Amino acid sequence: RSAYGRVGFNSPRLYLMLSQSYRDYAAYVDGRGVIIPNSQFADHQSHLNLGLRLSDVHTVAFRYQWFEAHDVGVPGAGDVFPEAATVSYPHTRRWLAEIAWRHQPAAAARPQSELRLFLQTVDRRAEVIPNAIAYQPAIGDQPLRRVRPQSMATAADHDAAGFRWNNLLALAGHDLTLGVEAWQKRLSSLR
């Protein structure tokens, strides 16, 4: 099942675009009719773009994005996990907020200047069910033991903030782009 909707408005001074999507799929069936195990997923996302012309030369724009996924299977996890392992993302979330200011004297005129500020967060959770037997080595009086790990869980939160200042200049019949960009990222993870 999936759905997508979009609505927009545009005028000489203002534009607005909103969109929303939703997907919920069971396991994938390949061209031979074989069900690919652990290939299910469900997600939804929202987008908002808003722009306002403050004057003939100044424009402000805002963008917001939201994405969230649940029960995302990772089929064929490869050599990283045991062959029989079931790997999934039980919950993943991402959001982005960005604001931009642009100075442009006239359409296609030079110079132009644009400043963008952004914040982004990605939260990712993963689960591995090994579906395999492992052996715990003998230690002291404890003999070699056969164990069946139930699950392993990981979590990672990525946070980023930054800016970009970009300038477009006319120089001796050529366009020159000059700018600076900086960002700060933070990662917090556990297993």
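As the structure is a computational prediction, the values presented were derived from the model and not from experiment.

The rules behind the values
Residues numbered from 1 in each chain as written. Predicted model: local features only at pLDDT ≥ 70, side-chain atom pairs only at ≥ 80, totals over all residues. Heavy atoms only, no water. Pairing = 2+ DSSP bridges. Helix = DSSP H or I, 4+ residues; strand = E, 2+ residues; numbered from the N terminus. Axes fitted to C-alpha atoms, helices over the stretch in contact; angles between N-to-C directions. 1 Å grid on protein atoms, 1.4 Å probe; cavity = no way out; pocket = protein on both sides within 12 Å on 5 of 7 lines; lining within 4 Å. Points joined across faces, edges and corners; volume = space filled by probe spheres on them. Nonpolar A, V, L, I, M, F, W, Y, C, P; charged D, E, K, R; others polar.

### As for the sheet that holds strand β4 (residues 58-73)
Item 1. Reading across from one edge, β1-β2-β3-β4-β5-β6-β9-β10 is the order of the eight strands in this open sheet, with antiparallel pairing throughout. In the strand order of this sheet, the two ends are held by β1 (2-10) and β10 (174-190), each with one partner. On average, each strand axis in the sheet is tilted by 5° relative to the strand beside it, whichever way the strands run.
Item 2. Alignment of strand β3 (residues 41-53) against β4, held across twelve bridges, turns out to be antiparallel. By the bridge assignment, glutamine 45 is partnered in β4 with phenylalanine 67.

### Describing the layout of surface pockets
Item 1. Roughly 490 Å³ of volume is contained in the largest pocket.
Item 2. What lines the largest pocket is a set of 29 residues, among which Tyr15, Gly51, Thr59, Ala61 and Arg102 lie closest to the centre.
Item 3. For the lining of the largest pocket, the secondary structure elements donating two or more residues are β2 (14-25), β3, β4, β5 (86-103) and β6 (112-129).
Item 4. Grouping the constituent residues of the lining of the largest pocket by class yields 14 nonpolar, seven polar and eight charged.
Item 5. Its volume calculated, the second largest pocket comes out at about 230 Å³.
Item 6. Lining the second largest pocket we find 14 residues, and of these Phe81, Val87, Ala126, Val128 and Thr154 sit closest to its centre.
Item 7. Elements represented by at least two residues in the lining of the second largest pocket include exactly β5, β6 and β9 (152-171).

### Regarding the pairing of β9
Within a regular beta strand, the side chains point alternately toward one face of the sheet and then the other, so they alternate between its two faces.
Item 1. Sheet analysis places β6 next to β9, joined by 17 bridges and oriented antiparallel. Of the residues in β9, the one forming a bridge with leucine 115 is tryptophan 165.
Item 2. Looking at chain direction, β9 and β10 are connected through 17 bridges and run antiparallel. Within β10, the residue paired with alanine 155 across the bridge is leucine 190.
Item 3. Counted between consecutive antiparallel strands, the loop separating β9 from β10 contains two residues, among which alanine 172 sits at a positive phi close to 50°.

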